[in-house]
Structure formats: C-alpha cells, structure tokens
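Observations on chain architecture
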Amino acid sequence: MDDRQVVRYWRIFRTVHQMVNDRGYAVAQDELDLSLEDFRNQYCTGGGVDRTGLAFHVRPSPSTKYTHLKPLYLEFANEPSVGIKTMRDFCAKMVELNIEHGILVYQTNMTPSANKIITTFANKMTIETFNESDLLVNITWHELVPQHILLTPEEKKGLLERYRLQDTQLPRIQLLDPVARYYGLKRGQVVKIIRKSETSGRYASYRIVS
C-alpha cells in the first residue's frame, strides 16, 4: 500500500468533515479528530484506500441557526474522470437516501456531460463538486484567510435595515470564491467577514454572494 496515498486521503477526509461541520451539520468529534492510524485501520485495504467506504451522509446539527440546511450526502468518485454513468449513479444514490443536497469529490476532472446532468437536476437537487486536490488543506485555517460567518435571512434583513442599504450596495464575494465554495454559499446570501486590525483589534465587513 502506498503510504502517500493513505496520508493524502486522510487529509482530504479531515477537510471534508471539517467543512460540513463548519456549515452547521452534526459531525461526530471522533470523525473530526480521526488519527492517521485509525484512518488506516478503518478505510484501507491491501489495495489502498477504499473510496467507497469514505462516503457518508449528515443531518443539520440540532443547535445550528441555519434553518435552510437539508440533509447532505458526500461521496468519493472511484473513476479518475467523472462521466455520465458516475454522475447518474450519484444522483440515484441521493434519490435512494431521499437527500436533495450532495457533494461529489472527484480525482481528476468532470466531463462536460457530467456537468450537464448537474444542471439538468438543478430544480430537484443541489450537487456540489470538489477536486480532491482542493481539499488537501482546510483553506479557512490559513492565517491570511479571515473568519467568514454566514448571516441568516433575518440577520441579513436586520443589517440592511440598520444601515439603510439595498442588496446591490454591498461589496460582493464571487460564488466561485474558494471560501464561498467551502461554506456552500448561494447567491444572495451575505457573509460577515472578521479581520484583524493593528489599531482596533478586529473589524467586520459584509459581502453579498454574487
């Protein structure tokens, strides 16, 4: 077994669990703290990492303030290039689990046909895709990435009323921004961004997802 592959998937495993936990889902602490040795024992066979075994589904945490969250299913694609069959199988699994929100982690690339299926099913389910290489590290832990906090609809409304603003007057964060993708942000949502300041300690700004 290639130990580099094991370490790679252990790092990705940790990041995806941290990601869904940060979004407001209920993730067991032992999954967040899983050691490399325990990962090797649970998810590795003589032939390497069992990607199928890495799949999981989670529900919103009972304590989360984000009422828009729905149960989520995450899966690792076995094929290096995700095509029509892999994507259809992924959608079928979501239907089987009665889950409308899914994340597919792929190894190399998504074919245009696979991406078209995501668009086709957009009115029935939400599907996100991440390249494995994008999940090797948790970008939100980087010292140069400020803290992002998603506002609830009520908090967004209160912000706009307080400062007498329209949506269009807020600075923007792109939908494809890496941090926006990490948190699964949607167009129209607003995030509070907290940065460190040498003079005032910390200061907050707000951006709308576009």
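Every value quoted in this text rests on a predicted model; they were computed, and no experiment measured them.

What follows deals with the UniProt feature "domain: RNA polymerase Rpb5 N-terminal" (unreviewed entry) in the protein chain. Cross-referencing UniProt, the feature "domain: RNA polymerase Rpb5 N-terminal" (unreviewed entry) maps to residues 4-94 in the present numbering. As annotated, residues 4-94 comprises 47% helix and 15% strand, and the C-alpha atoms at either end are separated by 31 Å.

Our focus in this paragraph is the domain arrangement of the protein chain. Partitioning the protein chain into domains gives domain 1 (3-134) and domain 2 (139-209). Averaged C-alpha coordinates put domain 1 and domain 2 at centres separated by 25 Å. On the domain 2 side, the residues contacting the 12 residues of domain 1 number 12 residues. Summed over both sides, the interface between domain 1 and domain 2 buries roughly 1100 Å², with carbon and sulfur atoms accounting for 49% of that surface.

Moving on, we come to the side chain of Glu75. Summarising the element assignment, Glu75 is placed in strand β4 (residues 72-76). It is Lys93 that comes nearest to the buried, bridge-free Glu75 among opposite-charge side chains, at 6.6 Å. Only 2.4 Å separates the side chain of Glu75 from the side chain of Tyr73, close enough to count as a polar contact. For Glu75, the residues in contact, after removing those within four places along its chain, are Ala55, Phe90, Lys93, Ile103, Leu104 and Val105.

Bringing the packing of helix α4 (residues 84-97) against helix α5 (residues 112-120) into the picture now. At a minimum axis distance of 8 Å, the contact between α4 and α5 shows a crossing angle of 25°. Classed by the angle they form, the pair α4 and α5 counts as roughly parallel. Residues Ile84, Met87, Arg88 and Cys91 of α4 lie in contact with α5, whose contacting residues are Ser113, Ala114, Ile117 and Ile118. Of the residues contributing to the contact of α4 with α5, the split by class is 6 nonpolar, 1 polar and 1 charged.

This part takes up the pairing of strand β12 (residues 201-209). For a regular strand, the rule is simple: side chains alternate between the two faces of the sheet. Here strand β10 (residues 172-173) runs beside β12; their pairing, made up of 2 bridges, is parallel. The residue of β12 that forms the bridge with Arg172 is Ile208. Bridging between strand β11 (residues 190-197) and β12 involves 8 bridges; their strand directions are antiparallel. Paired with Ile194 across the bridge in β12 is Ala204. Remark: 3 residues form the turn of the hairpin made by β11 and β12, two consecutive strands paired antiparallel.

Calculation notes
Counting starts from 1 at the beginning of each chain's written sequence and moves along it residue by residue. Only residues with pLDDT of at least 70 get local features here, since the model is predicted, and only at 80 or more are side-chain atom pairs given and counted; chain-wide, interface and lining totals rely on the full set of residues. For side-chain calculations, the full set of non-hydrogen atoms in the structure is used, while hydrogens and water are omitted. UniProt positions are given in the numbering used here, feature names are shortened, and annotations may be inferred rather than shown by experiment. Segments assigned H or I by DSSP are reported as helices when at least four residues long, segments assigned E as strands when at least two residues long, and all are numbered from the N terminus. Here the limits of each domain have been adopted from an automatic or database domain assignment. For this analysis, residues touch if any pair of their heavy atoms sits within 4.5 Å. The term buried area denotes the loss of accessible surface (1.4 Å probe radius) that occurs when two parts are joined, taken as the sum for both partners. Only protein chains enter the accessibility calculation, which uses a 1.4 Å probe. A residue is then buried if its area is under 20% of the maximum for its type, exposed if over 50%, and partly exposed in between. Only four residue types enter the tally: Lys and Arg on the positive side, Asp and Glu on the negative side, with His and both chain ends excluded. One speaks of a salt bridge when a side-chain nitrogen belonging to Lys or Arg is within 4 Å of a carboxyl oxygen belonging to Asp or Glu. By the criterion applied in these results, polar contacts are pairs of N or O atoms within 3.5 Å in which, for protein atoms, one can donate a hydrogen and the other can accept it, and in which residues neighboring in sequence qualify only through two side-chain atoms. An axis is simply a line fitted to the C-alpha atoms; with a helix, the fit covers only the stretch in contact. Between two such axes, the angle follows the N-to-C directions and lies from 0 to 180 degrees. Roughly parallel covers angles under 35 degrees, roughly antiparallel covers those over 145, roughly perpendicular covers 65 to 115, and oblique covers all other angles. Polar here means any residue other than Ala, Val, Leu, Ile, Met, Phe, Trp, Tyr, Cys and Pro, which are nonpolar, and Asp, Glu, Lys and Arg, which are charged; Gly is therefore polar. Strands qualify as paired when DSSP identifies two bridges or more between them.

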